[in-house]
Amino acid sequence: MSYQSLLESTLAHTLNYIENLENAPVNATAPLPDLRQHLNHPLADDGMDATQVIDELVADVQGGILGTSGGRFFGWVVGGCMPAALAADWLTSTWDQPAALYASGPAIAVIEEVCGQWLKELLGLPQHASFALVTGCSMAHVTCLAAARNALLAKHNWDVERKGLNGAPPIRIMSNNQRHGSIARSVRLLGIGNDNVFDLSVNEQGHLDPEALRNELREHAGKPTIVLLQAGDINTGVFEPFDKLIPIAHDYGAWVHIDGAFGLWAAASPKYKHLLNGVEHANSWAVDGHKWLNVPYDCGYAFITDSRAHQAAMSHRASYLTHDAVARDQMDWTPEWSHRGRGVATYATIRQLGKRGVAELIERTCRYTQQLITGIGTLPGAEVMWEPIINQGLVRFLSSKPDATDADHDQFTDDVIARVVESGEAFFSGTTWQGRRCMRVSVCNWKTNETDVECAINAVQRVLKKR
Ligand SMILES: *Cc1c(COP(=O)(O)O)cnc(C)c1O
């Protein structure tokens, strides 16, 4: 087995993929039965040459790889992969350090320490906050809410790590009803239960109403409470008025958790950071690396002001492990034991971009979102549903049927999205917002440029002309 030929041919496959990305269809062109037929080789008794494994892998996935790492992908909230991060990720696998302890990967532990400091600085979070590098925002929620659970119940003299939740005072979560589904799953995993999540009313701007929050908190004063606030609504990118809401929550001793999966990154831009005024006073924040920062999957970050609660919720001591007194052992802060040295890709991304580069990435993608919304929104048959505040906007498409109903417009919107995707020119996804089907316009990729934006607008225009 020669590493030389294996890695050289992999490099050639990689370059071939990246160089063709600009012109290749951005959608999947292979149907499911084909992918199954190509990939589902009988489990062999004997292995095979590694270079051949990779060659066949590349051939077998043909048509089943979406153009998410290119500039014409605007579906969901999907980031790309910075060049330094791609290379760093290769090295991470080359080194293959179990990133649980300083002792099991000293440089990786220090890289994560540095990432924590840099990320807090970029995001404007308190430097004393503890942090964890996890697989994504979902696990960041779990990490943060586990710390919240510990801290809130400790105030009731309840050691949740020892006693569990049986017999504990119930924890309530209050939030606006637009929250992301990842919260519901964290709440399930942590045994808080979704019946203990309460929707509060939201005003026309999509913000949690301060009076509604105060009334609810007053009514349940003294009970362990988490207030969940959104930094970047999934459909609209709306931010809650943190400077108003967080002090109210704190007046009643509530823990404030921020879902900032992508939106928290607006804090890294001098132009947009005013949208996050006061967010630094929360108790915990969950944010993704693999979306707007353009670190490859899997990468998310949790930040927690109460480092004691964070550590109490996560740490573990075992006689066979070598804990370090001075260095930072990652497993004191993460839900995982062994895990990938995922700090390396974050470290490389931040170094490649610098503070200015991160700010430019945020501002550029916001500008392209606006251009897409304006360009698509002025096409005949299109209607702008949400003007972007950051990198998320919404449009819908109106059926030309005589006496078309909202159901017809909904159907037509879904048809347009499907046909744009089918064209392979650009990828968008749909959503239901305020009862209407809409096409989401979400720009997160560092690669997106003016040509991509033009190409996407033209693709929508061609579909609308054909109706
Ligand atoms: C994507 C997203 C999440 C979940 O993040 P993962 O990294 O996919 O686990 C949570 N909240 C919001 C607002 C999101 O956009």
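Look a little higher up for the structure.
Note that residues are indexed from 1 along each chain, following the sequence as it is written. With the structure being a predicted model, the display of local features is reserved for residues of pLDDT at least 70 and the display and counting of side-chain atom pairs for 80 or more, all residues being used for whole-chain, interface and lining totals. The basis for every side-chain value is the complete set of heavy atoms in the structure, and neither hydrogens nor water enter the calculation.

Student: It is not clear to me how helix α9 (residues 210-219) should be interpreted in this structure. Could you clarify?
Tutor: In an α-helix, one full turn covers 3.6 residues, which means residues spaced three or four apart are oriented alike. When we look at burial in α9, the residues that qualify are P210, A212, L213, E216 and L217. Take α9 and look down its axis: the buried residues cluster within an arc of 160°, on one side only. We call two residues in contact when some of their heavy atoms are within 4.5 Å. Helix and strand definitions follow DSSP, with helices as H or I runs of at least four residues and strands as E runs of at least two, each counted in order from the N terminus. On the buried face of α9, the contacting elements are β2 (172-176), β3 (197-200), β4 (225-230) and α10 (242-251). The buried label goes to any residue with under 20% of its type's maximum accessible area, the exposed label to any with over 50%, and the partly exposed label to all in between, with areas taken from a 1.4 Å probe on protein chains only. In this description, one arc is meant: the one made by directions from the helix axis to the C-beta atoms.

Student: Whenever I open this one, the site of the ligand confuses me. Can you help?
Tutor: A cutoff of 4 Å decides nearness: a residue is near a molecule or strand if any of its heavy atoms lies inside that distance of it. As a matter of local geometry, the ligand sits amid 14 residues, with S138, D259, D288, H290 and K291 nearest to it. Within the backbone of C137, an N or O atom sits 2.9 Å from an oxygen atom of the ligand. Interatomic distance of 2.8 Å between a side-chain N/O atom of K291 and an oxygen atom of the ligand. Throughout, the Shrake-Rupley method with a 1.4 Å probe supplies accessible areas, and for residues the shown protein chains are the sole cover considered. In isolation the ligand offers 380 Å² of accessible surface; the protein chains occlude 85% of this area. Each residue is assigned to one of three groups, with Ala, Val, Leu, Ile, Met, Phe, Trp, Tyr, Cys and Pro labelled nonpolar, Asp, Glu, Lys and Arg labelled charged, and all others, Gly among them, labelled polar. Taken together, the residues of the shell around the ligand break down into 4 nonpolar, 7 polar and 3 charged. Pairs of N or O atoms are called polar contacts if they sit within 3.5 Å, as long as, within protein, a hydrogen donor faces a hydrogen acceptor (for residues adjacent in sequence, only side-chain-to-side-chain pairs).

Student: Is there a simple way to think about the packing of α9 against α10 in this case?
Tutor: A pair of packed helices is captured by two measures, namely the crossing angle of their axes and the spacing between those axes. Throughout, an axis means a line fitted to C-alpha atoms (over the contacting stretch in the case of helices), and angles, computed between N-to-C directions, take values from 0 to 180 degrees. Across the interface, α9 lies against α10 with an axial gap of 10 Å and an inter-helix angle of 10°. On the basis of their axis angle, the class for α9 and α10 is roughly parallel. Judged by residue contacts, P210, L213, R214 and L217 of α9 engage K244, L245, I248, A249 and D251 from α10. Among the residues forming the contact of α9 with α10, the class breakdown is 6 nonpolar, no polar and 3 charged. Here the word oblique covers every angle except those under 35 degrees (roughly parallel), over 145 (roughly antiparallel) and from 65 to 115 (roughly perpendicular).

Student: I keep staring at the sheet that holds β3 and nothing clicks. Help me out?
Tutor: Strand pairs in the sheet, formed through backbone hydrogen bonds, run parallel or antiparallel to each other. Only strands that DSSP links by at least two bridges are regarded as paired with each other. The strand order across the open sheet formed by 7 strands is β1-β7-β6-β5-β4-β2-β3, and the pairing between neighbours is mixed. At either end of the open sheet lies a strand with only one pairing partner, and these are β1 (130-134) and β3. Across the sheet, the axes of successive neighbouring strands diverge by a mean angle of 20°, strand direction being ignored. Here β1 runs beside strand β7 (residues 300-304); their pairing, made up of 5 bridges, is antiparallel. Within the sheet, the bridge partner assigned to A132 lies in β7 and is A302. Contacts between α9 and the sheet are confined to β2, β3 and β4, with β2 contributing the most and set at about 170° to the helix.

Student: Just to check I follow, could you spell out the nonpolar core for this structure?
Tutor: Considering soluble globular proteins, one finds that nonpolar side chains tend to be buried as a cluster. The criterion is simple. A nonpolar core is a set of buried Ala, Val, Leu, Ile, Met, Phe, Trp, Tyr and Cys residues joined through side-chain atoms within 4.5 Å. Grouped together as the largest cluster of nonpolar side chains are 61 residues, with contacts concentrated most on I258, W265 and Y301. Here this core takes 9 residues from helix α12 (residues 343-377), the largest share from any one element. Domain delimitation follows an automatic or database domain assignment. Counting residues domain by domain, this core receives three or more from each of domain 2 (97-339) and domain 3 (351-465). Ranked by size, the runner-up nonpolar core spans 34 residues in total, among them C137, A140, L145 and I171.

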